[in-house]
Amino acid sequence: MKFEWPQGLPATLTCIDKIQETADCFSIKLSANSGERFDFKPGQFVSLGFEINGKVEYRAYSISSLPEQDYLQLTIKRVDSGKVSNYILDKLSIGDTVLCLAPTGNFNCIDHPARNDKALLLSAGCGITPVYAMAKHWLAQQVNIDIAFVHIARSASETIYLEELAQLDSQHANFHLNLLLKDATDTPYHQGRFDADWLVNLAADYQQRTVYLCGPEQFMRDSKGYLEALQFDMNEFYQESFTPIAEANQNQEHVQNDQATVTVESFGKTFQAQHGATLADSLEAEQLPIIIACRSGICGSCKCKVTDGSVKSLSVGPLSAEEVEQGYVLACSSTIEGDLALELS
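The notes below deal with the structure included here. (Residues numbered from 1 in each chain as written. Predicted model: local features only at pLDDT ≥ 70, side-chain atom pairs only at ≥ 80, totals over all residues. Heavy atoms only, no water.)

Let's shift gears to the side chain of T159. Here T159 shows up in the loop between β8 (146-155) and α3 (162-171). We classify T159 as buried; its relative accessible area is 3%. Aside from chain neighbours lying at most four places away, what touches T159 is T22, H151, A153, L179 and L181. (Helix = DSSP H or I, 4+ residues; strand = E, 2+ residues; numbered from the N terminus. Buried < 20%, exposed > 50% of the residue type's maximum accessible area, 1.4 Å probe, protein only. Contact = heavy atoms within 4.5 Å.)

Applying the stated criterion across every chain, the model contains 11 aromatic pairs. Each ring, one from W138 and one from Y212, has its centre 5.8 Å from the other, and the planes form 65°; the classification is edge-to-face. With a gap of 74 residues between them, W138 in helix α2 (residues 128-141) and Y212 in strand β11 (residues 210-214) connect regions that are remote in the sequence. According to the relative accessible area criterion, W138 is buried, its value standing at 5%. Taken together through their ring pairs, the aromatic side chains of F3, W5 and F38 make up a single cluster. Directly above the ring of Y71 sits K29, whose terminal nitrogen or CZ lies 4.5 Å from the centroid. (Phe/Tyr/Trp six-rings, centres within 6.5 Å; stacked < 30°, edge-to-face > 60°. Lys NZ or Arg CZ within 6 Å of the ring centre and 35° of its normal.)

Bringing the pattern of salt bridges into the picture now. Under the criterion given, the structure shown has 14 salt bridges. Salt-bridge contacts for E57 lead to K83; the nearest nitrogen and oxygen are separated by 3.3 Å. In this pair, E57 is assigned in strand β4 (residues 55-62) and K83 in helix α1 (residues 83-91), connecting sequence segments 26 residues apart. Taken together, the salt bridges that share partners define one network made up of K118, D146, D205 and R209. (Salt bridge = Lys/Arg side-chain N within 4 Å of Asp/Glu carboxyl O.)

Geometric values such as these leave the question of function open.
This is how it looks when you write it as structure tokens:
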């Protein structure tokens, strides 16, 4: 039976397993108590919510399990000052419950199939998670897609899913694993620092493939730049990113300091907010019940409706054209331009 996600609200899932992948990385498995199967597109993510210091904090994590399984697997790496990631690694135990928003995300291999049935999955660090899910999906479905899997890591011991990747490489003629390690001592893998030459060396026929990229922001910027310099067809390029959207006014020379009046009709509340502030921050400051998960304008959890006045939106993300026409915005990527009235979903 398919799991039905609450409309616009988080589901409560239970941690049924916690697996150490590397010294600073764990996979967790989440299940619904009724045992239903989860449907999503390989490459998508969910946002998890935890109450930390009296406040529910949400963060987005890519799904590493396959669709139609009775659990979701997420792989989470320790991050310096990572409030939620480090809480999961240090505090979450088997049997604990978590808040989880429905899978979402445009970075997936269903909406963006590989041209010529040839894919280049390019990742570094914990960015391996969504592309690993794509590879497993294609192989499980036995679709005729040739997969070049290029991953960058510090060492073999710090390579997430190393054993699983090596097994896929040995079992499937259409899966080609190429690891580039900073330290490849006593391994059969390449050693070096990733650049355009390594890209060509590790995936010589990259021009014939669709590229799916995920990893740290600098790595993704560099990789995209290499492909552009090599005159790759960027219509066949897709990347994941959870980078928060910059505030609309951060580069303005003159910042307005006047106040705006915000009315949240469904809660009968009116308050003063800074002109130019993000709508999400202003609603949070007033402790109004809005879920703000990815903070990147891509998950849609903070959707709300402007019924009067206007905001400046940097992203409409998952909103449909009809929703935008009706006045819906994403609070995390909208800044206040003046007095306005809202309805919270």
